[in-house]
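Inside the fold
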Amino acid sequence: MRKECHPLLRGGKEDSKYKHGFSAAEMESLASICEVVLPPLPMDALKIRKEDQADNDSSKSVQSFWKISASRYPIPHEVAEMLMKRSLIEAVILIRVVLWLLATGLGTFLLCGFLCLGEKWPYINNFSNMSLENREKVMQKWLKHRFLTPIRLAFTYIKVLCLFVFFSWVDENGDNPAWKAIGYEVSDDEKLTNTSNTRPLEKGIIETMHESDSTIQQSLARKGLNATLDSKTNILKVKCDALIVGSGCGGGVAAAVLSSAGHKVVVLEKGNYFVPQDYSSLEGPSMNQLYETGGILASVDSRVLVLAGSTVGGGSAVNWSACIRTPHKVLKEWSENHKLPFFSSQEYLSAMEIVCERIGVTENCTQEGFQNLVLRKGCQNLGLKVDYVPRNSSGNHYCGSCGYGCPKGEKQGTQATWLVDAVDKDAVIITGCKAERFLLESNKNGNGRKKKCLGVLAKALSNRVTMKLQIEAKVTISAGGALLTPPLLISSGLKNKNIGRNLHLHPVLMTWGYFPESNSELKGKVYEGGIITSVHKVPASDSKSDSRAIIETPLLGPASFASLCPWASGQDFKERMLNYPRTAHLITIIRDMACGQVTTEGRISYKMNEIDRENMRAGLQQALKILIAAGAVEVGTHRSDSQRLRCSGISENEVQEFLDSVYPVEGSLSLGENWNLYCSAHQMGSCRIGVNEKEGAVDENGETWEAEGLFVCDASVLPTAVGVNPMITIQSTAYCISNRIVDYLRRGQISEVR
C-alpha cells in the first residue's frame, strides 16, 4: 500500500462497533457457513509447489493459509455489515431467515436432512454444531439444488460476500493474511508520471465532506456562486447557467463544452474526488469508494453483477483504458434503422477525433502483461486475428491497478481532462452531493413540451451539512449514467415509457486457463501490466455486425477472483487460490440484442435472449480454444459445477467434446443444477434517443420529450448496445449533445433580447 494514500482508500475499520443488527444466533450460523466456504484444512492434504518449497517464507505462508478459516473475527461481522449495506432488501430477508432456521435444530433438519443427526441428546444438531465435513456436504447439495433455488441463492450470496470480504480485508498496514500465500502483493513504489502533488480540480471543487452548515454558503460564494438561505425550509438556493448531475464520460464532456462557451456551470457528483497520489490500489477500500454500491451491485434476480463508477470522473476514473471507436456498422444501423442520421454525420465523426485527441488516445503498446500475452499467443497459434487496443494513456503504460484509480496518473479520465478544462473556465464541482429530483413546472411556451425544468433539489451526503441545495439553471443535464438517470427522471415526474427500459449491459462470462511458473514464455502475474491491450473479435456469421463477441482480459484482484470462482469444496477452492497469480482469465463480451430495465434506483432487471446466448456460447468456446492454444495445463469456465478440462495428453476429440459441453446457463434462481453469475461493466440505452417520443426518451438533441430545458447526456441515450468498450462512443455523443445545448442557450439569449 502506498503510504500517502487517502484515508478513505486505506482500509481498516474506523469504527469498531458493527451496526448490522444480527443476533448472536444468526452470527453463529453465518460464521459456520463462512468456515465451510474457506475452512481450516489438515496439513497432510497440502501439496506445496516446488517454487514455494525453495522459499522458506513462502512455504510458511502457504501452510498458514491452509490452516486459516473465514470464520475468524472479524470476517463474519464484515460479511453481515456488507450484506446490510449493499444488498437488496429481499436478499437480506431471505438470508436472515435461512440463518435463523440454521440456528435451530428443527430448521437445520428441514434444510440439511439426516446429515444433522447426532448420537447424543438432543440428537438433532443445529448447523454450527454439525461436523465440518457434513456442513460441506450440505453446502455442496444446496449449490446444486434444482428446485428450492431461493435457498441456493442464500448460500451463493454468503459465499460471494464471504470470499470478497476475506480476500479484500486489510489491517491498518494495508496487509491481508492470505496475500503472500497466494502470490499477491500491492506495489508500494508506484511512481507518478507527474511528480507534483497538485489537485487539478482544486480551483473549482467543493467537497461536502469537509463542509458544514456554517461553511457551505461561503464556499459557494468563493467559487463565484450567489447562494441564499431560506431559513424556513433550510434550503440553500443557488443559481447558474448550466447544472450537470454526474461527472463521468457524459457529464465531464458537457461541463467542458458548456463552460468553454462562457456559461457558469455547476456539476453535482455524489462520489468523492481523488487524485493519483490518493489511490492505494487496495481492492476492497477502492471498490467501496470508487464504485456504485461498493462494487457489489446485483440485478434483482442476482443473475448479473454490475460494475459502475461512482467518483469524480465516473467510469472513466476506474475503467480499463480501452478507447475503441464506435464500429462503422453500428453507426450505420443507428443512422438508418433508427432514423438518426446524426450518427453518420461529419459532426459525429469529427467528435470522435476531438475526443480521442483530448484524452490522449494512443494505439501502440510497448509491453503487455501476462493475461494479454496469453490472449495474443493463443490467437497467433490458432491463426486468429488479434488487435492492439487503443488506450487513453502512454504506450508504455504498465499499470495493472487502473480499476482502483490509476496511481501513476497516466490514464486520462474526465477528472484529468474535460473537468480540468471546465474548472479552468470557472466551473464548480460539488462532491458528496446527490440529486433527489429535478424541479419541474408547467410550461407556458407552447413548444409541445408540457413541463419546464428549473433545476434540481439535492442533498449533501455529509451529516454536517443538513441544508438541502436548490440549484436553479437555464439548462439542466442528467449525466448520472444508464443506471441512475432513469430513476431520477421517473422520480421527478416524467412518464415517457422509454425511460428506464431498453437497458443493455454487454453481459460478460469468463473462461480461465492455468499456466504454471514453468511456462517460461509467458512471464508475469495476472495483476501486472496494462489491463486491456489486446482484443480478438469472434467472426460474425452475417454481414450485419462486426463480430459475434469480443474477447478481452479483465482486472481481477484476489477478492474479485475468489468471489466469481466456482466453489466445489473447501480444499479445491484453496488449491485454486494458490494458483491465482498464474490463472489467466479471458472475458467474453457480447453486443446484447435483448434488454432489461431500471426504473427504481438499485433495482436492475435483465435477461438475455436466444441470440445472445448463442453468441455468448461462440465466444466462450473460442476463448477456451485460445487458452488451450496458448499452453494452459488446465482450462475451465465459471459455471457453478466448476466445469474444467486438464489439457495434458488429451486428444482433439476430447477437447471438442469438452467445448461442445460449454454453454451459458441461467442465474442461480433459475431451475436446473448448473448456473452462471454474469458480470457487466458497460450499461447503456435506458433513455435512448428516438425520432419521436414513442421511439425514445429524448430527442436527437438529448432533450427530454416532456420537459423543456432538461437534457440527458450519458450512456443511457445510446440507441442500442455498442458491442465494444463504449467510452469513446459515450464521450463523442456527449460532445455533440453538449454543442447542441450551447446552441439552445444561444437561441434563448437571442429570444430574450428580442
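In this text the structure is predicted, and so the values were computed from the model without any measurement.

Considering the pattern of salt bridges
Evaluation of the coordinates by the stated rule reveals 31 salt bridges. A salt bridge links Lys468 to Glu436, with the shortest nitrogen-to-oxygen separation between them at 2.8 Å. Separated by 32 residues along the polypeptide, Lys468 in strand E11 (residues 468-478) and Glu436 in strand E9 (residues 433-442) bring together distant segments of the chain. Owing to a relative accessible area of 32%, Lys468 belongs among the partly exposed residues under this scheme.

A closer look at the pairing of strand E3 (residues 235-245)
Within a regular beta strand, the side chains point alternately toward one face of the sheet and then the other, so they alternate between its two faces. The buried fraction of E3 amounts to nine of the 11 residues, a majority that puts the element mostly inside the structure. Pairing analysis gives four bridges linking strand E2 (residues 227-230) to E3, with the strands arranged antiparallel. Pairing of Thr228 across the sheet is with Lys237, part of E3. Summarising the sheet, E3 and E11 pair through 10 bridges and their orientation is parallel.

Focus on the packing of helix H1 (residues 24-37) against helix H5 (residues 89-102)
The description of two packed helices rests on the angle between their axes and on the distance between the axes. Between H1 and H5, the least distance of the axes is 8 Å, while the angle of their chain directions is 95 degrees. It follows that H1 is roughly perpendicular to H5 by the angle criterion. Contact residues: Glu26, Ser29, Leu30 and Ile33 in H1; Arg96, Leu99 and Leu102 in H5. Looking at the contact of H1 with H5 residue by residue, the class counts come to four nonpolar, one polar and two charged.

Overview of the nonpolar core
Of all hydrophobic cores here, the largest spans 238 residues; its most connected members are Phe65, Phe167, Ile430 and Ile471. The dominant element in this core, judged by the number of residues it contributes, is helix H8 (residues 149-168), at 13 residues. When near neighbours in sequence (up to four residues on either side) are disregarded, Phe167 contacts Leu38, Phe65, Asn176, Ala178, Trp179, Ile182, Pro558, Ala559, Ala562, Phe573 and Met577.

Description of the packing of H1 against helix H7 (residues 132-143)
With their axes 9 Å apart at the nearest point, H1 and H7 run at an angle of 85 degrees to one another. Relative to H7, H1 is oriented roughly perpendicular. Residue-level contacts link Ser32, Ile33, Glu35, Val36 and Val37 of H1 to Leu132, Arg135, Glu136 and Met139 of H7. Class assignment for the residues of the contact of H1 with H7 results in five nonpolar, one polar and three charged.

With respect to the environment of Gly360
Here Gly360 shows up in the loop between helix H14 (346-358) and helix H15 (370-382). Judged by its relative accessible area of 30%, Gly360 is partly exposed. When the C-alpha atoms of Gly360 and Leu305 are compared, they prove to be 31 Å apart, with 55 residues separating the residues in sequence. Apart from the residues lying within four places of it in its own chain, the contact partners of Gly360 are Arg391, Asn392 and Ser393.

Observations regarding unusual backbone geometry
Geometrically, the link from Tyr73 to Pro74 is a cis peptide bond, its omega value of 5 degrees lying close to zero. Looking at where Pro74 falls in the secondary structure, it is placed in the loop between helix H3 (56-67) and helix H4 (75-86). Even without a glycine there, the phi angle at Ser281 is positive, about 65 degrees. Here Ser281 is to be found in the loop between strand E4 (265-269) and helix H11 (283-290). Look at Ser642: it is not a glycine, yet its phi comes out positive at around 60 degrees. Following the sequence through the fold, Ser642 ends up in the loop between strand E18 (634-637) and strand E19 (644-646). The class for Ser642 is buried, based on a relative accessible area of 7%.

Rules used throughout
- Residues numbered from 1 in each chain as written.
- Predicted model: local features only at pLDDT ≥ 70, side-chain atom pairs only at ≥ 80, totals over all residues.
- Heavy atoms only, no water.
- Salt bridge = Lys/Arg side-chain N within 4 Å of Asp/Glu carboxyl O.
- Helix = DSSP H or I, 4+ residues; strand = E, 2+ residues; numbered from the N terminus.
- Buried < 20%, exposed > 50% of the residue type's maximum accessible area, 1.4 Å probe, protein only.
- Pairing = 2+ DSSP bridges.
- Axes fitted to C-alpha atoms, helices over the stretch in contact; angles between N-to-C directions.
- Parallel < 35°, antiparallel > 145°, perpendicular 65-115°, else oblique.
- Contact = heavy atoms within 4.5 Å.
- Nonpolar A, V, L, I, M, F, W, Y, C, P; charged D, E, K, R; others polar.
- Core = buried A, V, L, I, M, F, W, Y, C linked by side-chain atoms within 4.5 Å.

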